[in-house]
Each structure stands twice: as structure tokens, then as C-alpha cells.
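Summary of the model geometry
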Amino acid sequence: MSLRNVGIVYRKELTEALRDSRTLISSILIPLFLFPVLTVGIGYAFVEVADQASHEASRIMVLGGADSPDVVQKLKDAKNLRIVKPRADYVDLISNKKIRAAVDLPPGFQSDVEHGAHPDVKIYIFSGDLKSMLSATRIKEQLTEYRDSMVRDRLAAQHLPDSLMKPFGVEQQNVVSEDRVAGESYGGLITYLVILMCMTGAMYPAMDLTAGEKERGTMETILSSPIERTHLVLGKFLVVLTASLATATLSVLSMAGSFAVLAHYGKGQGIGDDFPILTMHAKTAFAIFIMALPVAVLFSAVLMTISLFAKTFKEAQSYLTPMTFLVIVPAIAAVIPGIELTAKLALVPILNVGLLCKELVTGTYHWEYIALIFGCTCVYAGIALFLAVKMFQRESVLFSS
Amino acid sequence: MIEVQNLSKHFRDKKRGEIRAVDGVSFRCQPGQIYGLLGANGAGKTTTLRMLATILEPSAGTAVVAGHDVVDHPERVRANVGFLSTATALYPRLTAREVVQYFGRLNGLSDAVLRQRVDKIFDRLDMNGFRDRRCDKLSTGMKQKTSIARTLVHDPAVMIFDEPTLGLDIMTARTITAFIRECRDLGKTVIFSTHIMSEVEKLCDVIGIIQGGKLLAEGSLEELRAKYGERDLEEIFVKVVAPHYVPPPEAN
């Protein structure tokens, strides 16, 4: 009888939720379309911008250098640099992004170099501005080439081999699979989005099934039926949980799909080269889902308990907005590079799952942490659910007037 | 059958301290009779009826409804009660039939019995024209019929109506009063609350006048007329209530 009633409530609430356009938008449409737009859209935009920046010549200024024609010519010959006429207000020009950088050649630079006086060239930039820093790199490339050719000429004049200046070479090589590189780069972001989606999905139904029910005046109707309040709240809770998990699952699926599309069409267009593409394995997706499960239970129960105190949908919204920040802060903290799982952090709700999922995406399985975090999130979720059931028994909460 | 013994309900209010919404009320309603609870706003009518419907738990005293104690077996009480008030709205996103079916299922009816019961009620209340229309698209009258169907689906022995005609137009209100009479004729125990004198005069077999959470007078219309020496129920009501009347506090 009891489970039957939970099932009856579940079926009815789900039917109602599926007939509500607001629930459909927040729980199904947003996760389905958010990720393709985010990954493909922003991915392409990013590549476009980066592409444009790399093809566009940087406007720079050469200060001095009238007595050093060789190095000035070298800079002028560079295709990715455009030299503009020198002006005294170059600092303002750089600050206002009219030019990207200025090269300051000291007087008598060329003759000093030839006589071995070791003069210094200064490059003025707008630190933090990507295009300014790119132009500095380009200038340095030219200067280094100029310096290297000078060294080679000097060695040749003395009949000495090139290797005198470079007795050995250094090469850097990545030994980790492309997946793990991608996981390391995006793992945090994915985890953050999954946690956020678990909440987004639960939020709307949690308010609708509690405060919304009070607002519409159906609370008294349902309380006059023979169903026990515990069964009623469990049925409602399961609907909220379903929405939360559906949203999270759809997000992961649409994310995996977006990455697959990006990998398929993006290769050879410069995307896969500069930005590693993540292929989500079924195993990883499954592991994230399992870890998201108690988080979804926690969110569903907490959001329901809080909105139960509200008399109207609007009031519930104003209660839940601060909750959003409480969730977003630990979720963001988990994304910050350098923060890694410790036994203490493993006890902080949401942050722990965030950090763990970040590891899961990179293919690292620390079983003791997985067990600890799953266990303690289940405990938190259990407490929250217990609280939701308790609150549903309180007349002052159900009939707050 | 409803037997109420010393029933009390106290609320805590931050500003006003303890409020005795219902204070030691005792009465008895017989099957085949309509008991009318007459009182001003804030007199304790709704709280009393909510306790009988086990939506609220009494602070003290007992009530036995259809043979079950409201505190010990609230689920069994609810299974034998049809509760209708202006606050018992319908689910806007479900159709009229779905609402009635939902409450039938919660009352443990099997699918076969439920189908029969729903067909019968919808025929009798002439609801087939809108059975598959969503409740948010129904007129007030249609909604009221659907609510009646909802309270009837499990064929309860006791009917509780809390100001059922409040805010309804005359035609819809008449559907409700006709329905209340029909319930009595079917041998059900009926209790209803109102502050409309004419409804009480027309419907009730027994009248209870409630004020400040206390039942101040009880009896049939004739008995009350004899006791207070007035013909008009409104005059009787004023005579009973005036010495105890405290205006209700502003907006609660």
C-alpha cells in the first residue's frame, strides 16, 4: 500500500511537471542546447579570434635606431609586424591599444653590438593584453634571429662550428594521452557544469511541488486524502530527483555529443591542434553519473525543504537565490587549478564531488576517496531528505500564515 | 458519525502569544443529519473542521470520525471522509477525470472499480462534456462539480464542508447546497461551516454556534428559537455571540 501510494504521487506529479512549459525549459531544453552552444559556439568563436589575431600584423613603433639600419630593416621585413612612425607619446598609444608595443633601440646600438659592448634593447608592452604580448613575442623572435645570425657569422669568421654555442639541444614532449590532456584542461569545467545542472534541474520542480502547491491551493486538497505525509513527500522528492538527474544526464550526453561533433568537424581546422578535444568515455560518464547521484539527492531534498517554507512560488525563488551562491562557490573552488583532493576537503559537500569528478575526467581513480566522498555525500543527502520529511509533518510549515 | 470531545487547538503566534483557536469543543453529528457550524470569521470553524479531517492535529481532546480516532488513525479517518472547502483547489495541469482518478487511487481503489465509479459520478453530475479538459480551463461551476466528484470518489460515510459556497455565484452555490442535501439523503454524516444564516436555516438539522473557539449554543432551529425567544436566526446568533464577541485581529 505504502509504496503504491508513493508511486501514484510520483506518476501524477511527473505528469504535471511534463505539462508545465517552465519545467520543460529549465530541465530539458536548457541542458540540451546549452552545451552545444557553449562548446561548439564559443569554441569556434575562440578559434576565430585566435586565428584573426595570428594573421593580423601587430602595429609597433621603433624608438631610435636611426644609426642601426640592420636591426630596423629586420623588423620591417617581418610580415607579422607593421612599423608606425615614432612618436613621443608611445606610452599613451600602448595604453590606448593604438599600437601594441614599442621597441627602444639605444643610440649607437649597431656599432655597440659590433664592438662587443652588450647594449640592451627594451620592449614596452601592455602586460595582460593578449595582442600586446603576442607582438612582444614576435619582436623577440626577430631580435633573436638577428642575434643568432650574428653569432653564426662571428663563429664562421673564426672558423668555429655552430655547436660551440649550443653544445646540446632541449626538446619537450607530452607523454600523456590526448584524452588526459583534455581532461586536465576541461575536467574542472565539466564537473562544475554537471553540479550546476543537478541544481538547475531540481530547482524549478522543487519550488513548484511545494510552494507552488500552496499557492495554487491544492495543498489542503491532497492533505485531505488518506495518503501518509511521508509517502507524499517521498513521491514529490522522487520527481524532483528525476528532474535533477534528467537534467544532469542530458547535460553530460549533450556535452559528449558536442565534443564528438567538434572532434569530427574540427580536426584539420586548427581546433584539435591548439585545443585538445575531449572524448568522454562511457566509463567516465558513468562514474560522473554515479557521483552526481547523491549530489542530486542532496540538492533535491534541500531545495524542497527550503521552498516548503515559502507561501508562494516567488517567495520560494527569493529563498533559493542565496542557495545558488552557496552551491556555486564550492563548485567554482573545485575548478581552480592547483586545488587537489585531501582528506579534509573530501568532507566538504559539493567541493569534494567537484574535485573528485575533476580527477575522474582525467582518468584518475582514487578508490579510497571515491568511497569516502560517495559515503559522506550519501550521509548529507540522507540528513537533508530526513529534514524534508520532518518539515512536511509540521503544521506551522504547511500552513504558514 | 462524528463524536467530538473537548477538542482544542492552540497556536503559537510571535506577536500575540498563545492563541486558543478552538477551546474545548464537544458535539456529536449523526448519520443522515446535517450539522451546521455557524460562526463569524476567526471563530474557529475552519480549525475545527481541519482537525476532523485530520489536516491539523488537535492540541487536546479527542474526536472520533466514522469510528476512527483522528489522532491514532488519521489515515483511516481520511479514507472515510470527503473534505471540501474553498481552499481545496484542483490541480490546474490535470484534467477533471485525472484529478478524480488520482484521489480514487490514493483511496486504494482498483482500476476496475475506479473506472466504474468515475463513469457513474461523471454521469450523475453531468460532467462528461468536460471530463478531459484541464482544470485551469474549467469554469467555476465545472471546477466545483469536479471538486464534488473528487470528494465522492471513495464513497465516504462522512462529509465535511468548510464554507463551501464562499465566493461562488448563486447558481454554483445552489449546486453545492443541493449536493449537501443529497449527501444527507444518502445517509451520510454531514458537517458544514458557514456564516450565511439562510443556508443554515434551509439545510441544517442541528446548529452549533461557535465564537472565540467555544461552542456557545447548540440545537435544532426550533430548539434555539424556543430557548432565545427569537424567530430570526440572525437575531438568535447575535444574542448568543454578542457577550463574547471580540473583533478578529487585522490580517493574519
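The structure we're discussing is the one just above.
First, a word on what this report is: a plain description of the structure on this page. Per-chain numbering applies: the sequence of each chain, read as written, is numbered from 1 onward. By the order in which they are written, chains take letters starting at A while ligands take numbers starting at 1. Where local features are concerned, this predicted model is filtered to residues with pLDDT of at least 70; where side-chain atom pairs are given and counted, the filter is 80 or more; whole-chain, interface and lining totals use all residues. To get the side-chain values, take all heavy atoms of the structure and skip hydrogens and water.

Here the focus is the packing of aromatic side chains. In this analysis, rings of Phe, Tyr and Trp, with Trp reduced to its six-membered ring, are considered paired at centre separations within 6.5 Å, and the interplanar angle assigns stacked below 30 degrees, edge-to-face beyond 60, and tilted for intermediate values. Overall, the coordinates contain 7 aromatic pairs over all chains when judged by the stated rule. Judged by centre distance (5.2 Å) and plane angle (25°), the rings of A:Tyr90 and A:Tyr124 are stacked. You can see A:Tyr90 sitting in helix H4 (residues 90-95) and its partner A:Tyr124 sitting in strand S4 (residues 122-125), a full 34 residues away along the chain. Considering the side-chain rings of B:Phe161 and B:Phe179, the 5.9 Å spacing of their centres and the 85° angle between planes classify their relative orientation as edge-to-face. Of this pair, B:Phe161 sits in strand S7 (residues 158-162) while B:Phe179 sits in helix H6 (residues 170-185), and the two are 18 residues apart along the sequence. Residues B:Phe161 and B:Phe179 agree in their burial class; the two are buried. Members of the aromatic cluster, joined through ring pairs, are B:Tyr91, B:Tyr102 and B:Phe103. Think of it as a cone above the ring: NZ of Lys or CZ of Arg counts as a charge over the ring if it is within 6 Å of the ring centre and within 35 degrees of the ring normal. Above the face of the A:Phe126 ring, A:Lys97 is positioned so that its terminal group lies 5.5 Å from the ring centre. Here the basic side chain of B:Arg150 rests over the ring of B:Phe103, its NZ or CZ set 5.4 Å away from the ring centre. Strands are runs of DSSP state E lasting at least two residues, helices are runs of H or I lasting at least four, and both sets are numbered from the N terminus onward. For each residue, the accessible area found with a 1.4 Å probe, counting protein chains only, is set against the maximum for its type, and the residue is called buried under 20%, exposed over 50%, and partly exposed in between.

Our next topic: a nonpolar patch on the surface. Residue and element names in this part refer to chain A. Like-charged residues within 9 Å of one another, or nonpolar side chains (Val, Leu, Ile, Met, Phe, Trp, Tyr) within 5 Å, are grouped into patches, provided each residue has over 30% relative accessible area and no salt bridge. In short, Shrake-Rupley with a 1.4 Å probe defines the accessible areas, and a residue's cover is counted only from the protein chains shown. The rule for a salt bridge is simple: a side-chain nitrogen of Lys or Arg has to be within 4 Å of a carboxyl oxygen of Asp or Glu. Where nonpolar side chains cluster on the molecular surface, the patch consists of Leu 18, Ile 25, Ile 28, Leu 29, Ile 30, Leu 32, Phe 33 and Val 37 and spans about 690 Å² of accessible area. The element contributing the most residues to the nonpolar patch is helix H2 (residues 21-55), with 7 residues. Considering the arrangement of structural elements, one finds Phe 33 in helix H2.

What makes two residues a contact is simply this: any of their non-hydrogen atoms within 4.5 Å. On the side of chain A, 30 residues touch chain B, which itself brings 31 residues to the contact. Accessible area, probed at 1.4 Å, shrinks when two parts are joined; the buried area is that loss added up over both. Across the chain B/chain A interface, buried area totals approximately 2,900 Å², and carbon plus sulfur atoms make up 54% of it. Counting the surface chain B buries against chain A, the share from its top three residues, B:Tyr91, B:Arg93 and B:Leu106, is 28%. Summed over the shared surface of chain B and chain A, the result is 5 salt bridges. The partner of B:Arg93 in a salt bridge is A:Asp20, and the shortest N-O contact between them spans 3.9 Å. By the criterion applied in these results, polar contacts are pairs of N or O atoms within 3.5 Å in which, for protein atoms, one can donate a hydrogen and the other can accept it, and in which residues neighboring in sequence qualify only through two side-chain atoms. Here chain B and chain A share 16 residue pairs in polar contact (both at pLDDT 80 or more) between them.

Another aspect to go through is the packing of helix H13 (residues 313-335) of chain A against helix H14 (residues 351-361) of chain A. All names here are of chain A. Two numbers describe how H13 lies on H14: the axes approach to 8 Å, and their chain directions differ by 30°. By the angle class used here, H13 and H14 are roughly parallel. For the element pair H13 and H14, the recorded crossing hand is right-handed. Residue-level inspection shows Pro 330, Ala 333, Ala 334 and Val 335 of H13 in contact with H14, the latter providing Leu 351, Gly 354, Leu 355 and Lys 358. To define axes, lines are fitted to C-alpha atoms, for helices over the stretch in contact only, and angles between the resulting N-to-C directions are given on a 0 to 180 degree scale. Any angle that is under 35 degrees is reported as roughly parallel, and any over 145 degrees as roughly antiparallel; angles of 65 to 115 degrees are reported as roughly perpendicular and all others as oblique. Two helices crossing with the near one rotated counterclockwise from the far one by less than a right angle form a left-handed crossing, whereas a clockwise rotation gives a right-handed crossing.

Attention now moves to the side chain of A:Gln110. Residues and elements named next belong to chain A. On the secondary structure map, Gln 110 appears in helix H5 (residues 109-114). A relative accessible area of 11% means that Gln 110 is categorised as buried. Within the structure, Gln 110 has its side chain in polar contact with the side chain of Asp 70 (distance 3.1 Å). Residues within four places of Gln 110 in sequence aside, it is in contact with Asp 67, Ser 68, Pro 69, Asp 70, Val 71 and Tyr 146.

A separate point is the sheet that holds strand S10 (residues 214-219) of chain B. Residues and elements named next belong to chain B. Pairing in this open sheet of 6 strands is mixed, and the strands run S6-S7-S8-S3-S9-S10 from one edge to the other. Each edge of the open sheet is held by one strand with a lone partner, namely strand S6 (81-85) and S10. Ignoring strand direction, the axes of neighbouring strands in this sheet form an average angle of 15°. Two strands pair when backbone bridges link them, and strand S9 (residues 206-211) and S10 are joined in this way by 5 bridges, in the antiparallel orientation. Only strands that DSSP links by at least two bridges are regarded as paired with each other.

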